[in-house]
Amino acid sequence: QLEDGRRVVVRVPVDDDADADLRAESRALESLTAGVRAVLPFGAPDVLGQTRVDGRHTLVQTLLPGYRVDASHVPGGPGVATALATAIAQVHDLPVTVVRDAGLVLQTSAQVRDEAERLLDAAEATGLLPFGLLRRWSTAVASDPLWRFETTVILGGVDPASFVFEDDADGVPQVTGLLSWGGLGAGDPAVDLRWTASAPTARDDVLAAYAHASHRAPDPQ
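Residues numbered from 1 in each chain as written. Predicted model: local features only at pLDDT ≥ 70, side-chain atom pairs only at ≥ 80, totals over all residues. Heavy atoms only, no water.

Q: How do you make sense of the overall build of the protein when you look at a structure like this?
A: A tally of helices and strands in the protein yields seven helices and seven strands. Going residue by residue from the N terminus, the α and β elements of the protein occur as β-α-α-β-β-α-α-α-α-β-β-β-β-α. The C-alpha radius of gyration computed for the protein amounts to 19 Å, which stays within 12% of the reference 17 Å derived for 221 residues, consistent with globular compactness. Along the three orthogonal principal directions, the C-alpha set of the protein runs to about 60 × 45 × 35 Å. Restricting the contact set of the protein to residue pairs at least 6 apart, pairs at least 24 apart contribute 72%. Carbon and sulfur atoms provide 52% of the accessible area of the protein, an area that totals close to 12,300 Å². Seen as two clouds, the 18 positive and the 31 negative side-chain charges of the protein have centres 4 Å apart. (Helix = DSSP H or I, 4+ residues; strand = E, 2+ residues; numbered from the N terminus. Rg over C-alpha atoms; globule rule 2.2 N^0.38 Å. Contact = heavy atoms within 4.5 Å. Areas by Shrake-Rupley, 256 points an atom, 1.4 Å probe, with all protein chains shown as cover. Lys, Arg positive; Asp, Glu negative; His and termini not counted. Charge placed at Lys NZ, Arg CZ, Asp CG, Glu CD.)

So this is what it looks like as structure tokens:
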């Protein structure tokens, strides 16, 4: 808590991987211009300062108030599920120039497919991948229709715990902030919806609300 009463968050990495993640977070937050922030109907942290603690990059940012919900606790029906879907769709609808101008990762659908194929090859090389799973994944990588999608601005695999909620006057949960921006780039929008595998009761409502909120034609696959 600062002398003027404001509360801030100080993020200190615990290891080298966390340090790299926090650096990516810092770059992504700095790429969110005032114009981009004005378009989004929910908040993103402001970077107030950066320093080093024990030799690692440390970030001081504004605190976004609200509560969070884990994927496994997202209920079906209107509320948390539909608010999450709408918020994700709003990020995906941002112009790709946001990513390009900031020098962040920008992938085509072909590059996303190549990356999936490399991952599959690496998994197979361990000798630990069950044959049934290898065959399933190989079939998916080889299926052209699965890879005919429009790449969009993505959060790189966000999950519900990255969002903060507050209830409106009627007690309906609304997304008021997004905490994790480190994976910001352009790629396969499906990565930001894969968490629905952990929320089976909410999956259909999430996908329906996402398609309704998006300004793009939904991926038929």
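Q: Help me understand the layout of surface pockets, please; the structure alone is not making it clear to me.
A: Unfilled space is identified by rolling a water-sized probe across the atoms. Its volume calculated, the largest pocket comes out at about 1,600 Å³. Together, 42 residues line the largest pocket, and Trp147, Asp188, Pro189, Ala190 and Val191 are the ones closest to its centre. Going through the elements one at a time, α5 (109-125), α6 (131-142), β7 (185-187) and α7 (203-213) are the ones with two or more residues in the lining of the largest pocket. Among the elements that take part in the lining of the largest pocket, α5 stands out by supplying five residues, more than any other. Tallied by class, the residues present in the lining of the largest pocket amount to 25 nonpolar, nine polar and eight charged. For the second largest pocket, the calculated volume is near 160 Å³. Forming the walls of the second largest pocket are 13 residues, and the residues nearest its centre are Ala83, Thr86, Ala87, Gln174 and Val175. Among the secondary structure elements, those contributing two or more residues to the lining of the second largest pocket are α3 (80-92) and β6 (173-178). Per-element accounting of the lining of the second largest pocket gives the leading share, five residues, to α3. Counted by class, the lining of the second largest pocket contains eight nonpolar, five polar and no charged residues. (1 Å grid on protein atoms, 1.4 Å probe; cavity = no way out; pocket = protein on both sides within 12 Å on 5 of 7 lines; lining within 4 Å. Points joined across faces, edges and corners; volume = space filled by probe spheres on them. Nonpolar A, V, L, I, M, F, W, Y, C, P; charged D, E, K, R; others polar.)

Q: Quick question: what am I supposed to make of the packing of aromatic side chains here?
A: Each aromatic ring pair is described using two quantities: the centre-to-centre distance and the angle formed by the ring planes. In total, this model carries two aromatic pairs according to the counting rule given. On the basis of an interplanar angle of 25° and a centroid distance of 5.8 Å, the ring pair of Tyr67 and Phe165 is categorised as stacked. With Tyr67 in the loop between β3 (56-62) and α3 and Phe165 in strand β5 (residues 163-167), this pair connects stretches of sequence that are 98 residues apart. When its relative accessible area of 32% is taken as the criterion, Tyr67 is described as partly exposed. Since its relative accessible area comes to 0%, Phe165 is described here as buried. Arranged with centres 6.4 Å apart and planes meeting at 50°, the rings of Trp147 and Phe149 form a pair that is tilted. You can call Trp147 buried: its relative accessible area is 15%. Owing to a relative accessible area of 11%, Phe149 belongs among the buried residues under this scheme. (Phe/Tyr/Trp six-rings, centres within 6.5 Å; stacked < 30°, edge-to-face > 60°. Buried < 20%, exposed > 50% of the residue type's maximum accessible area, 1.4 Å probe, protein only.)

Q: Looking at this structure, I do not really get the sheet that holds strand β2 (residues 47-53). What am I missing?
A: Strand pairing in a sheet relies on backbone hydrogen bonds, with the paired strands running either antiparallel or parallel. With antiparallel pairing, three strands are arranged side by side in an open sheet as β1-β3-β2. For this open sheet the edge positions go to β1 (8-11) and β2, each flanked by a neighbour on one side alone. Averaged over all pairs of adjacent strands, the angle between their axes in this sheet comes to 20°, without regard to strand direction. Both β2 and β3 contribute to a ladder of six bridges, which runs antiparallel. Pairing of Gly49 across the sheet is with Val60, part of β3. Lying on the sheet, helix α1 (residues 16-31) is in contact with β1, β2 and β3; it crosses β3 at an angle near 45°. (Pairing = 2+ DSSP bridges. Axes fitted to C-alpha atoms, helices over the stretch in contact; angles between N-to-C directions.)

Q: Please clarify how the side chain of Arg216 should be interpreted in this entry.
A: Examined against the element boundaries, Arg216 turns out to sit in the segment after α7. With relative accessibility at 17%, the residue Arg216 sits in the buried group. Side-chain polar atoms of Arg216 contact the side chain of Tyr210, separated by 2.7 Å. If near-sequence neighbours (up to four positions away) are discounted, Arg216 is found in contact with His92, Asp93, Glu150, Thr152, Pro189 and Tyr210. (Polar contact = N/O pair within 3.5 Å; in protein donor to acceptor, adjacent residues only side chain to side chain.)

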